[in-house]
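Notes for the structure review
Now for the letters of each chain:
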Amino acid sequence: MRRLVALAALALACSAQPLTREQESDLRMKIRAALFVPDRLPPLAATVHGRFRPAPGVMAERVTYSTLLGLRVSAILYLPDAPKGKAPALIVVNGHGGDKYAWYANWSGIAYARGGAAVLTYDPIGEGERNIQRKSGTRAHDVLQSPPELGRRMGGLMMTDVMQAVSYLASRPEVDPGRIGAMGYSMGSFVLSLACAVETRLKACVLVGGGNLDGPDGVWDHGKPMCQGIPYKSMEFLGDRPAVIYALHAARGATLTYNGLQDTTVSITKLGPDFFADMHRRTALVHGGAAGLFEYEFTTGAHRPYFVTKPVARWLERQLDFPNWTDADIAALSVTHISEWARDNGVELDRLYASEEREGGTLALGAGVPALSRQDLSVFTPEQREQQKNRLIYEAWLEAARKQLKPGTN
């Protein structure tokens, strides 16, 4: 029955007239409501906790800002040392197990700051300084909680973290608020697929290791339930979920999906070029034409954070206009083989992704990026963090979220 209902909704979406602006606005509000994201987000109450220089030509700040239910987000903001006018900005949204300590978050911050951008990387709930033990790679937020409403609230929290990051960057005097983009990897690609449908201030959105949003009982419905499966299922009211979500992307701005053809983690080997072409066709029906629709590109390789590679950087340059880079400059940059860089610098890659077929095989743009320590990338000292813990950690969010449940919810 569920499949028949979904097929009927798909047929309706494909036969309907293109979305009007009023309908787009209404759908954004409904997506937020389904994930318990309020119409008015909490005040940022952003705080800078310290500064350091991670690499020549780059300055970094340790910051926190507010998110839902009284919690705070711990983040690092990378800035060009000598900005040329108002800077474009980027937000890094991590994959499972990733946080601001992840090599690709550090690499993105330094590489794109060298290009003249401000880059914000943050800890997802349950990781890094938002983990009860200050650990990374724990996947603490993956544990299924009852009732399912908590999964919807988890999706809304992760989406709000991004939206508040946009607000924070827009508030910075160094940043051009009209040139803010976001880059999501794996789980982060899913979070951004929703956030970039709703957050109209984002000029550019990059989804790597994902973006292949599918239909009922597919990859994303069966993904980690708390941060992917339950939130995606809660979008069934959209009908053809991928087409409507990407139509909202097109109404907002540019989107690129970029994947490795050997990626089995999110089934790009099955849901590859033909799947994306069909999704593009269906989105054009909902949007009212192909102008401004998401772009989709592929490369050899498997599940990797491709936003640290040249092709994605060149696409972002076309969207955001990096002050220190032209397309030719990016093309001329050297590249660094990440497994070799990690070995030479004593960097421990996530054991689930360290193989040459996965993140270890990444050819990241640029060279000479230093390996930063956890101390460098921590907002708080251990003593300070202990005082702040109950405004950061997953367990505090879960307790607060349970208090939001109506009596008898199951």
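Preceding this paragraph is the structure being described.
One structure accompanies this document, and this report is about it. (Residues numbered from 1 in each chain as written. Predicted model: local features only at pLDDT ≥ 70, side-chain atom pairs only at ≥ 80, totals over all residues. Heavy atoms only, no water.)

What to know about the side chain of His280
Mapped onto the elements of the fold, His280 is located in helix 8 (residues 273-287). Judged by relative accessible area, which is 19%, His280 ranks as buried. Among all residues touching His280, those that are not within four sequence positions of it are Ala290, Leu293, Phe294 and Tyr296. (Helix = DSSP H or I, 4+ residues; strand = E, 2+ residues; numbered from the N terminus. Buried < 20%, exposed > 50% of the residue type's maximum accessible area, 1.4 Å probe, protein only. Contact = heavy atoms within 4.5 Å.)

Concerning the packing of aromatic side chains
Under the definition given, this model contains 18 aromatic pairs. Here Phe276 and Tyr296 contribute two aromatic rings whose centre-to-centre distance is 5.9 Å and whose plane-to-plane angle is 25°, an arrangement assigned as stacked. On the criterion of sequence distance, the pair formed by Phe276 in helix 8 and Tyr296 in strand 9 (residues 295-299) is long-range, its members being 20 residues apart. The buried category is assigned to Phe276, whose relative accessible area is 0%. You can call Tyr296 partly exposed: its relative accessible area is 30%. In this structure an aromatic cluster arises from ring pairing among Tyr246, Phe275, Phe276, Phe294, Tyr296 and Phe298. (Phe/Tyr/Trp six-rings, centres within 6.5 Å; stacked < 30°, edge-to-face > 60°.)

What about the packing of helix 7 (residues 241-252) against helix 8?
Axis separation between helix 7 and helix 8 bottoms out at 8 Å; the angle between their running directions is 65°. The handedness of the crossing between helix 7 and helix 8 is right-handed. Residue-level contacts link Pro242, Ala243, Val244, Tyr246, Ala247, Ala250 and Ala251 of helix 7 to Met279, Arg282, Thr283, Val286 and His287 of helix 8. By residue class, the composition of the contact of helix 7 with helix 8 is nine nonpolar, two polar and one charged. (Axes fitted to C-alpha atoms, helices over the stretch in contact; angles between N-to-C directions. Left-handed = near helix turned anticlockwise from the far one by under 90°. Nonpolar A, V, L, I, M, F, W, Y, C, P; charged D, E, K, R; others polar.)

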